[in-house]
Amino acid sequence: MTSMEARPVAGTDTLRQAPLAGRRILDLSRVLAGPWCTMILADLGAEVIKVENPNGGDDTRHWGPPYAGGEAAYYLCANRNKQSIAIDLSKPEGQTIVRELATRADVVVENYKLGGLDRFGLDYASLAAINPTLIYCSISGYGRTSPIAERPGYDYVIQAEGGLMAVTGPVDGEPMKVGVAVADLYTGMAAAQAILAALIARDRDGLGQHIDMALYDCQLAMMANVGAAYLASGNEPRRYGNGHPTVVPYQVFDTSDGRVVIAVGNDRQFASLCGLIGRPEIAADARFTRNSARVDNRDALLALLGPLIAERSSEAWLEGLRGAGIPCGEVRGIGAALTAPETLAREMVKTVPHPTAGEVALVASPLRLSATPVVAPVAPPLLGQDSDAVLASLGYTAEQVATLRAGGAIG
């Protein structure tokens with residue numbers, strides 16, 4: 001069954017296609033935020049044509065080790081279910097190909113610096129002139145209307161400038177970034193959401209539009225309750241390490257043989273925790289009875305709980321906590337998480353054929369739609385793997401393709 005074929009709906013005789021079947025996305029983006037966005041759309045059934053520079057392609061192809069079949073794991077994580085065509089945009093012939101693709105596309109996604117595509121005639125105004133229904137999504141560090149729009153956008157810098165690092169890291173340590181590029185990833189997800197909304201609007205009124213996504217904006221939006229707390233109080237939030245600013249106890253605890261997360265969400269759960277520990281009187285202490293009091297007396301409470309929890313093993317605590325209905329979990333490594341029974345049961349890791357590695361394991365889409373499921377994963381393409389097929393779909397002959405390749409317009 002191909003990615004574009006209809007699928008049966010459980011319990012019915014109805015056949016329904018993937019949600020974005022028949023939609024074409026022209027992907028001019030690279031690295032992470034843009035490719036993450038277009039991968040979501042590809043998972044949902046859209047045809048995604050990834051345009052890459054013949055000289056090396058997407059930067060992340062080389063961001064290793066580790067590699068699989070010559071492709072960096074970083075690249076593999078964000079480019080499943082796509083086609084790759086290698087085009088030199090500095091060549092007029094290459095620009096012509098992209099314009100032809102844009103006339104047949106529903107969406108263009110790009111993350112060039114401000115003005116980077118204008119010089120090729122591939123900016124929104126130029127492409128909208130030849131395809132008025134086009135949805136054109138620009139992803140940048142600070143947005144096209146920002147006073148610092150010309151600055152490049154790097155996730156690390158955005159985490160710093162957007163406040164995330166200020167509240168991440170040890171209480172008395174230095175500010176720290178999150179272990180994955182969350183500003184990029186969140187922006188990619190938000191961009192996919194905006195594109196889906198624009199497609200719905202276009203289906204209603206027949207008009208395309210420009211979408212302006214900024215990593216900086218998305219990082220600010222990500223601050224959620226922390227940002228809201230500052231706006232409400234005017235007080236600068238501080239770091240709590242693995243603790244929570246407004247819920248206690250809600251953090252990592254050392255056990256006799258490891259670490260567990262205990263996330264007490266209300267006063268009833270706290271009383272249960274104290275009973276499980278064998279110290280019910282702690283829950284009756286006025287300093288700790290209510291969550292607001294526990295927040296005010298955080299250090300005193302943790303000084304009591306820490307040594308008591310350290311007396312038993314992680315397994316013993318997890319069994320007891322789960323039995324008492326208290327949210328908890330073990331602190332796993334990546335390998336343990338990716339091979340856990342619940343991971344396997346949800347089929348969140350898929351092994352697929354790959355042209356140079358033989359096969360590669362990929363983390364699967366987390367989207368679960370009962371009637372119109374996401375497409376089966378296909379390995380991220382090699383650089384220019386689909387150049388000939390994409391050009392053939394535009395009507396180019398084999399001789400024309402050979403001429404373009406000889407002149408360096410395609411790879």
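Before reading on, note that the structure itself is shown above.
For clarity, every value in this text was computed on a predicted model and none was experimentally measured.

Asks: How should the overall build of the chain be read in this particular structure?
Replies: Looking only at helices and strands, the chain features 17 helices and 15 strands. Counting only C-alpha atoms, the chain reaches 85 × 50 × 45 Å along its principal axes. Across the chain, contacts joining residues at least 24 apart in sequence account for 67% of those joining residues at least 6 apart. Roughly 20,000 Å² of accessible area belongs to the chain as shown, and the carbon and sulfur atoms make up 55% of that amount.

Asks: Sorry, what's going on with the sheet that holds strand 13 (residues 328-330) here?
Replies: Across a sheet, paired strands are connected by hydrogen bonds in the backbone, their directions being either parallel or antiparallel. Strand order across the open sheet formed by 3 strands is 11-12-13, with antiparallel pairing between neighbours. Each having just a single partner strand, strand 11 (250-254) and strand 13 make up the two edges of the open sheet. With direction set aside, neighbouring strand axes in the sheet form an average angle of 20°. Here 5 bridges tie strand 11 to strand 12 (residues 259-263), and the two strands are oriented antiparallel to one another. Residue Gln251 lies in a different strand from strand 12, and its bridge partner there is Ile262. Along the sheet, helix 12 (residues 298-309) contacts strand 11 and strand 12; its crossing angle with strand 11, the most-contacted strand, is approximately 45°. Packed onto the sheet, helix 13 (residues 314-323) meets strand 12 and strand 13 and runs at close to 155° relative to strand 13.

Asks: Please explain the nonpolar core as it appears in this structure.
Replies: Soluble globular proteins tend to bury their nonpolar side chains together. Formed by 29 residues in total, the largest nonpolar core has its most connected members in Leu41, Val109, Cys137, Ile139, Ile195 and Met213. Dropping the residues within four chain positions of it, Leu41 is found in contact with Leu20, Ile25, Ala46, Ala192, Ile195 and Leu196. Core analysis: the second largest hydrophobic core is formed by 28 residues, Ile87, Leu101, Ala105 and Val401 among them.

Asks: What is the right way to read helix 3 (residues 92-103) from this model?
Replies: A rise of 1.5 Å per residue sets the reference length of helix 3, with its 12 residues, at 16 Å; its end C-alpha atoms lie 17 Å apart and thus fit the reference within 8%. The complete set of buried residues in helix 3 reads Gly94, Gln95, Ile97, Val98, Leu101 and Ala102. An end-on view of helix 3 places all buried positions within 155° of arc, on one side of the element. Lining the buried residues of helix 3 we find strand 3 (24-28), strand 4 (47-52), strand 7 (83-86), helix 4 (124-130), helix 16 (387-393) and helix 17 (398-406).

Asks: Looking at this model, I keep getting lost on unusual backbone geometry. Mind explaining?
Replies: Across the chain, the bulk of peptide bonds are trans and the bulk of non-glycine residues have phi less than zero. Residues Gly64 and Pro65 are joined by a peptide bond in cis, for which omega reads 5°. Along the chain, Pro65 turns up in the loop between strand 4 and strand 5 (67-68). For the bond running from Val248 to Pro249, omega is -5°, close enough to zero to count as cis. With respect to the secondary-structure elements, Pro249 resides in the loop between helix 8 (224-233) and strand 11. Positive phi is not limited to glycine here, since Ala224 has a value of about 45°. Within the secondary structure, Ala224 is located in helix 8.

Asks: Please clarify how the pattern of salt bridges should be interpreted in this entry.
Replies: Taken as a whole, this structure holds 18 salt bridges when the rule is applied. One salt bridge connects Arg24 with Glu47, and the closest N-O pair in it is separated by 3.1 Å. Of this pair, Arg24 sits in strand 3 while Glu47 sits in strand 4; the two residues are 23 residues apart in sequence, bridging distant segments of the chain. Arg202 is paired through a salt bridge with Asp106; the nearest N and O atoms lie 2.6 Å apart. On the criterion of sequence distance, the pair formed by Arg202 in helix 6 (residues 182-205) and Asp106 in the loop between helix 3 and strand 8 (107-110) is long-range, its members being 96 residues apart. Among the ionic contacts, a cluster of salt bridges with common partners joins Glu52, Arg61 and Glu71.

Asks: Help me understand the packing of aromatic side chains in this model?
Replies: Where two aromatic rings form a pair, the distance of their centres and the angle of their planes describe that pair. The tally for this structure, following the rule as stated, stands at 3 aromatic pairs. Aromatic side chains Tyr142 and Tyr216 sit 5.8 Å apart centroid to centroid with 40° between the ring planes, which places their arrangement in the tilted category. With Tyr142 in the loop between strand 9 (135-140) and helix 5 (155-161) and Tyr216 in helix 7 (residues 215-222), the pair connects residues that are 74 residues apart, well separated along the chain. On the basis of relative accessibility, which here comes to 6%, the residue Tyr142 falls in the buried class. With relative accessibility at 26%, the residue Tyr216 sits in the partly exposed group. Above the face of the Tyr156 ring, Lys177 is positioned so that its terminal group lies 5.8 Å from the ring centre. The ring of Phe270 carries the charged tip of Arg294 above its face, separated from the ring centre by 4.3 Å.

Asks: How should I be thinking about a nonpolar patch on the surface in this particular structure?
Replies: There is a patch of nonpolar side chains on the surface, built from Ile334, Leu338, Val349 and Val363 and spanning about 340 Å² of accessible area. Following the sequence through the fold, Leu338 ends up in helix 14 (residues 334-338).

Asks: I would appreciate a short explanation of the side chain of Gln251 in the present structure.
Replies: Residue position: Gln251 is located in strand 11. If we ignore the near neighbours within four places in the chain, the residues touching Gln251 are Asn242, Gly243, Val260, Val261, Ile262 and Leu302.

Asks: It is not clear to me how the environment of Glu174 should be interpreted in this structure. Could you clarify?
Replies: Considering the arrangement of structural elements, one finds Glu174 in the loop between helix 5 and helix 6. We classify Glu174 as exposed; its relative accessible area is 60%.

Asks: Please clarify how helix 12 should be interpreted in this entry.
Replies: Structurally, the α-helix is built with 3.6 residues per turn, so residues lying three or four positions apart point the same way. Helix length check: helix 12, at 12 residues, gives a terminal C-alpha distance of 16 Å against a target of 16 Å (1.5 Å per residue), a fit within 8%. If you check which residues of helix 12 are buried, you get Arg298, Leu301, Leu302, Leu305, Leu308 and Ile309. All buried residues of helix 12 lie within an arc of 135° about the axis, which places them on one face of the element. In helix 12, the exposed positions angled more than 90 degrees off the buried face are occupied by Asp299 and Ala303. Those residues of helix 12 that are buried lie in contact with strand 11, strand 12, helix 9 (267-277), helix 10 (280-284), helix 11 (291-296) and helix 13.

So, how was this worked out
- By convention here, each chain's residues receive numbers from 1 onward along its written sequence.
- Only residues with pLDDT of 70 or above have their local features reported here, since the model is predicted, and side-chain atom pairs are shown and tallied only from 80 upward, although totals for entire chains, interfaces and linings are computed over all residues.
- For side-chain calculations, the full set of non-hydrogen atoms in the structure is used, while hydrogens and water are omitted.
- Helix numbering and strand numbering both begin at the N terminus, where a helix is a DSSP run of H or I of at least 4 residues and a strand a DSSP run of E of at least 2.
- Pairs of residues are marked as contacts when any of their non-hydrogen atoms sit within 4.5 Å.
- Accessibility throughout is a Shrake-Rupley quantity obtained with a 1.4 Å probe, and a residue counts as covered only by protein chains that appear here.
- Only strands that DSSP links by at least two bridges are regarded as paired with each other.
- Each axis is a line fitted through C-alpha atoms, and for a helix only the stretch in contact is used; angles between axes span 0 to 180 degrees, taken between their N-to-C directions.
- For our purposes a nonpolar core is just a set of buried Ala, Val, Leu, Ile, Met, Phe, Trp, Tyr and Cys residues, chained together by side-chain atoms within 4.5 Å.
- Accessible area is worked out with a 1.4 Å probe on protein chains only. A residue is then buried under 20% of its type maximum, exposed over 50%, and partly exposed in between.
- The span one expects for a helix is its residue count, reduced by one, times 1.5 Å.
- Comment: arc refers to directions from the helix axis out to C-beta atoms.
- Here a salt bridge means any side-chain nitrogen of Lys or Arg lying within 4 Å of a carboxyl oxygen belonging to Asp or Glu.
- Any two of the Phe, Tyr and Trp rings considered here, Trp counted by its six-membered ring, make a pair once their centres fall within 6.5 Å; the pair's planes then place it as stacked at under 30 degrees, edge-to-face at over 60, or tilted in between.
- Charge-over-ring placement is defined geometrically: NZ (Lys) or CZ (Arg) within 6 Å of the ring centre, and within 35 degrees of the ring normal.
- Residues qualify for a patch when their relative accessible area is over 30% and they have no salt bridge, like charges being joined within 9 Å and the nonpolar side chains of Val, Leu, Ile, Met, Phe, Trp and Tyr within 5 Å.

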